[in-house]
Amino acid sequence: RYPNTACELLTSDVPQINDKLGGDETLLNILYDFLEHEPPLNPLLASFFSKTIGNLIARKTEQVIAFLRKKDQFISLVLKHIDTSAMMDLLLRLISCVEPATLRQEVLNWLNEAKIIQRLVELIHSSQDEDRQSNASQTLCDIIRLSRDQSTQLQEAPEPDPLLTALESQECVEQLLKNMFDGEQTENCIVNGTQVLLTLLETRRSGVEGLMDSYTQGFERSYTVNSSILYGIEPRLKDFHQLLLSPPKKTAILTTIGVLEEPLGNARLHGSRLIAALLHTNTPSINQELCRLSTMNLLLDLFFKYTWNNFLHFQVELSIAAILSHSVQEGKTTTNDVEGKEEVVNGNAATESLEPPENNPENIMVTHLFQKCCLVQRILDAWEANDKIQAEGGMRRGNMGHLTRIANAVVQNMEKGPMQTQISEFIKELPEDCRGRWESFVEETLTETNRRNTVDLVSTHHLHSSSEDEDIESAFPNELSLQQAFSEYQIQQMTANFVDQFGFNDEEFADQDDNI
């Protein structure tokens, strides 16, 4: 109770309190002494400490920064306690709350000289406990996003951000990958390291991610992926391939459809996310290495093995969509409407490649997908296997929705798109019986599936339903269930910063009390 009250008073933004606390080193030292405690810190007290110091950084910036810079152990103590999330918040306040720009640059240089980035990367290591790794990873991800946002918001040409420069360096990426794959491999370390790499590969972020494009145009920001990141990752693609083959051991888990002896696991899921992100960069040397390793073939194996893991299915779908829409125009990818909205959610989109692809109409990844991975044959075989299971009274496989979207992406890119000619040629070169199966599948099965999917969403009362379904429908009138579904979709897609972006005008609600 008392620490809470003290924190509320000290952060109440009364100028006299800020002036007294910010200008008196004796008082600042009493506050600073909290960092001298041995870990683990009390999380609640740490949050009060972080909030109080954070308020002073924003209000009495010069005095507090000068005080902290005199403390040689400040950065070391913050990192010592990084397993407490409040310390992560404190670091981010130093990076984001300092004004004016010249002073902010001084703080960034100070943090860079203290090698904050390298020290955070060192914490993403199998020898560290999970909370330290997780918070170090989250801090690095937030630093990347904050630094990129700051650089796009500044009107004049900004000085290079030393922290972002350090993070995007090939040396830093290589060290992170070394921590992940050399020595003991743990799922926690691989997941946290991959999250940092995925953030480095982000090329597009918007204020409200995932809503229709027309809503996000004003808020979308685009970034270019630095080639040094891709150079750092490329030699380690073989390690990610090996991770997909043999991840850190996991015990069997009980699911609603039975016991899963060998779960996919978070490490493999993050590996698939990274492959999808890399494919969206359309980098020729990375494409070649993925072809050599036959990583897409392995991802398809996992897609059909783990028929109930929709997180994985979505990443495989994104990977295939990226390959099918790859063009030979200066390494930029274009996207069709099917996966365009999904890509914004995922944070991965087109980027400049390391080098422009050769002006060769043939794309090696497309060739690999149709010839080595036998994409068309696998779609047809999986569809027929599912039909057989359902005909025998079994349950529809959980990957059929994504398989439908993948089939649609093939058809759409065959009809229009940068790889139209090449894809059409591969379809023509299929063995005659397979080509016949594909054509009848597209004309009949896929068309009917698309029609049924559309009907299901728009007019459920046209479909024959069991008595159980009728009870549900009578409880939820059609218009209401549609409205509910749309509301749930919107809520699901909105991110936490929605209110920050749009806000609410208090005056709009000021005169409503009487009505309430």
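Look above for the structure.
It should be emphasised that the depicted structure is a prediction, and the values quoted were computed from it without experimental measurement.

Visitor: Please give an account of the side chain of glutamate 168 that cites residues and values.
Guide: Here glutamate 168 is to be found in helix 11 (residues 162-168). Discounting residues that sit within four places of it in the chain, glutamate 168 has contacts with Arg148, Leu200, Asn226, Ser228 and Ile229.

Visitor: Please set out the environment of phenylalanine 426 residue by residue, giving values where relevant.
Guide: Tracing the backbone through its elements, the reader meets phenylalanine 426 in helix 25 (residues 420-428). Counting along the chain gives 50 residues from phenylalanine 426 to valine 376, while the straight-line C-alpha distance between them is 9.6 Å. When neighbours within four sequence positions are excluded, phenylalanine 426 is seen to be in contact with Val366, Thr367, Phe370 and Gln371.

Visitor: Tell me about the pattern of salt bridges, and please be specific about residues and values.
Guide: Inspection of every chain in the model, using the stated rule, returns 24 salt bridges. Two residues, lysine 60 and aspartate 19, come together in a salt bridge whose shortest N-O distance is 2.8 Å. Remark: aspartate 19 occurs in helix 2 (residues 15-23) and lysine 60 occurs in the loop between helix 4 (43-59) and helix 5 (61-70); sequence separation between them is 41 residues. A relative accessible area of 15% means that lysine 60 is categorised as buried.

Visitor: How would you sum up the packing of helix 20 (residues 310-324) against helix 24 (residues 400-415)? Please name residues and give values.
Guide: In the contact formed by helix 20 and helix 24, the axes pass within 10 Å of each other and the chain directions differ by 5°. When the axis of helix 20 is compared with that of helix 24, the two are roughly parallel. Contacts between helix 20 and helix 24 involve Asn310, His313, Phe314, Glu317, Ile320 and Leu324 on the former and, on the latter, His402, Arg405, Ile406, Ala409, Val410 and Asn413. Residues that form the contact of helix 20 with helix 24 fall into these classes: six nonpolar, four polar and two charged.

Visitor: I'd like a description of the nonpolar core, backed by residues and values.
Guide: If you look at the biggest cluster of nonpolar residues, it comprises 125 residues, and the most contacted ones within it are Phe74, Ile117, Leu197, Ile233, Leu369 and Phe370. The element contributing the most residues to this core is helix 7 (residues 85-96), with eight residues. What leucine 197 contacts, discounting residues up to four positions off in sequence, is Val173, Leu176, Leu177, Met180, Ile233, Phe240 and Leu274.

Visitor: I'd love a proper account of the environment of leucine 167, names of residues and values included.
Guide: Within the fold, leucine 167 resides in helix 11. Other than its neighbours up to four places away in sequence, leucine 167 contacts Ile117, Leu140, Ile143, Ile144, Cys172, Val173, Val196 and Leu200.

Visitor: Describe helix 3 (residues 25-32), and please don't skip the residues or the numbers.
Guide: Within helix 3, burial applies to Leu28, Leu31 and Tyr32. When helix 3 is viewed along its axis, its buried side chains cluster within an angular range of 95° and face the same direction. Helix 3 presents Thr26 and Ile30 as exposed residues on the side facing more than 90 degrees away from its buried surface. Structurally, helix 3 contributes buried residues whose contacts are with helix 2, helix 4, helix 5 and helix 6 (74-80). Between the side-chain oxygen at the start of helix 3 and the backbone nitrogen of threonine 26 there is a gap of 2.9 Å, and the oxygen is on aspartate 24.

What counts, and at which threshold
- Residues numbered from 1 in each chain as written.
- Predicted model: local features only at pLDDT ≥ 70, side-chain atom pairs only at ≥ 80, totals over all residues.
- Heavy atoms only, no water.
- Helix = DSSP H or I, 4+ residues; strand = E, 2+ residues; numbered from the N terminus.
- Contact = heavy atoms within 4.5 Å.
- Salt bridge = Lys/Arg side-chain N within 4 Å of Asp/Glu carboxyl O.
- Buried < 20%, exposed > 50% of the residue type's maximum accessible area, 1.4 Å probe, protein only.
- Axes fitted to C-alpha atoms, helices over the stretch in contact; angles between N-to-C directions.
- Parallel < 35°, antiparallel > 145°, perpendicular 65-115°, else oblique.
- Nonpolar A, V, L, I, M, F, W, Y, C, P; charged D, E, K, R; others polar.
- Core = buried A, V, L, I, M, F, W, Y, C linked by side-chain atoms within 4.5 Å.
- Arc of directions from axis to C-beta.
- Polar contact = N/O pair within 3.5 Å; in protein donor to acceptor, adjacent residues only side chain to side chain.

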